[in-house]
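# Architecture at a glance
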Amino acid sequence: MKFAILAPGGIAHSMAEAVSGIPEIERYAVASRSYERAEEFARKWGFMKAYGSYEEMVQDPAVELVYVASPHSHHYEHAKLCLEHGKCVLVEKAFTVNAKQAEELILLARNKGLLLAEAIWTRYMPSRKMIDRLIDSGAIGKVTSLTANLGYVLPHVERLQNPELAGGALLDLGVYPINFALMAFHGEVDKVVSSAIMSPKGIDWMNSITLTFSDGKMAVLHSDMLAQTDRQGVISGDKGYLEVQNINNCEEIRVFDLDRKQTASYQVPEQINGYEYEVLACIKAIKEGKVECEEMPHEEILRVMRLMDEIRSQWGMTYPCECAELSE
């Protein structure tokens, strides 16, 4: 399958590393607004073609699957460009800035019969099924609550500080604790309570989110771009609890009993870097003629985006690109 990358920024290098180890993938094209940058990336990672504009690349009839790696603020525009030119698309998380944009892209993909997927890698990793099996086995009894956090020291990352690029902790980091909770607890969310510490530019530096589910479960979540956290997820039941070491890329799952004694430990399979699973899921879905990946179906993409819309509304946090949408 001829694979292309749109916007060869930092995260695109991780994706290039992953696809370099997938036999089914042909590293075909990379596009940047700068031909020199695209050519340098293509040479480094062994891509056949380099393009100095996104429009030029999507007009190449050989391109089959495009990975959109631009900032959040541009996901909608760039994914739409790819879909309109008949390309299947894997969009880096967060899928879009808001649910309205997500709904429009999903409708377009379905109308054209093209795969559209979100590159939220934790949804595709083997660790997800490992956690599900442990919960379903009753190893920690009846599960009622969980906590999850993700934090890095990122004040130097200009993109995350910039409202114009839909920066902030929520779309970049908070999306992981939210997905962790929704993967573990499948019920409907009845109530969302959240708060945030805002930057002078109006984006969230850190946040706290509590989700209450219709079946009585509760998830307490935190993301932070000013401090290093332990990245841990803890799922608790009436017979014990399990710890997920690093919810951003699970390294180990530990099970504890009511005496807080560790009773089991599970290592995740070796990986290239973790990005390969989402690409393999896309290949499988495309071969089967599907427009979505079963690991992260469109309804779950929308569920996450609608939750983040509600959370941001509680903070009064909007992005400049949304103001432009409202004025149209």
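Our subject in this report is the structure included herewith. These figures come from a predicted structure and were not determined experimentally.

Reading the values: rules and limits
- Residues numbered from 1 in each chain as written.
- Predicted model: local features only at pLDDT ≥ 70, side-chain atom pairs only at ≥ 80, totals over all residues.
- Heavy atoms only, no water.
- Salt bridge = Lys/Arg side-chain N within 4 Å of Asp/Glu carboxyl O.
- Buried < 20%, exposed > 50% of the residue type's maximum accessible area, 1.4 Å probe, protein only.
- Helix = DSSP H or I, 4+ residues; strand = E, 2+ residues; numbered from the N terminus.
- Pairing = 2+ DSSP bridges.
- Axes fitted to C-alpha atoms, helices over the stretch in contact; angles between N-to-C directions.
- Contact = heavy atoms within 4.5 Å.
- 1 Å grid on protein atoms, 1.4 Å probe; cavity = no way out; pocket = protein on both sides within 12 Å on 5 of 7 lines; lining within 4 Å.
- Points joined across faces, edges and corners; volume = space filled by probe spheres on them.
- Right-handed = clockwise from strand over helix to strand, strands pointing away.

Here we come to the pattern of salt bridges. With the rule as written, the count across this model stands at 16 salt bridges. Between Glu252 and Arg254 there is a salt bridge whose closest N-O contact spans 3.1 Å. By relative accessible area, Glu252 is classed as buried at 14%. Take Arg254: its relative accessible area is 26%, and that puts it in the partly exposed class. With a shortest N-O distance of 3.4 Å, Glu300 and Arg303 are connected by a salt bridge. Here Glu300 pairs with Arg303, and both are found in helix α10 (residues 298-315), just three residues apart, close to one helical turn. Like Arg303, Glu300 is buried. Salt bridges here are not isolated pairs; linked through shared partners, they connect Lys93, Arg159 and Asp172.

This part takes up the sheet that holds strand β13 (residues 252-256). Two pairing modes exist for strands in a sheet, parallel and antiparallel, and in both the strands are linked by backbone hydrogen bonds. Pairing is mixed across the open sheet formed by eight strands, whose spatial order is β8-β9-β10-β7-β11-β12-β13-β14. Here the strands that pair on one side only, and so sit at the sheet edges, are β8 (189-198) and β14 (262-267). Direction aside, neighbouring strands of the sheet carry axes that sit 10° apart on average. Strands in contact with helix α6 (residues 126-137) are β7 (143-151), β11 (233-237), β12 (240-245), β13 and β14; relative to β13, the strand with the most contacts, it is inclined by about 10°.

This part takes up the layout of surface pockets. Here the largest pocket is characterised by a volume of approximately 670 Å³. For the largest pocket, the lining is made up of 31 residues, of which Gly10, Ile11, Ala69, Arg159 and Asp172 are closest to its centre. Within the residue set of the lining of the largest pocket, elements represented by two or more residues are α1 (10-19), α4 (75-84), α7 (158-161) and α8 (169-184). Per element, the largest residue contribution to the lining of the largest pocket is three residues, and it comes from α8.

Quick look at unusual backbone geometry now. With an omega dihedral of -15°, the bond running from Lys93 to Ala94 counts as a cis peptide bond. Phi is positive for Asn246, which is not a glycine, with a value near 75°. In this structure, Asn246 sits in the loop between β12 and β13. With a relative accessible area of 6%, Asn246 lands in the buried category. Backbone geometry places Arg260, a non-glycine residue, at a positive phi of 60°. Locating Arg260 in the fold gives a position in the loop between β13 and β14. A residue is classified by how much of its surface remains accessible, and Arg260, at 64% relative accessible area, is exposed.

Note on strand geometry: in a regular strand, side chains alternate between the two faces of the sheet. Residues Leu116 and Glu118 point to one face of strand β6 (residues 116-119) and Ala117 and Ala119 to the other, with burial holding for every one of them. Examined bridge by bridge, strand β5 (residues 88-92) and β6 share four bridges and lie parallel to one another. Bridging from a neighbouring strand, Glu92 pairs with Ala119 of β6. The handedness of the β5 to β6 crossover, carried by helix α5 (residues 99-112), is right-handed.

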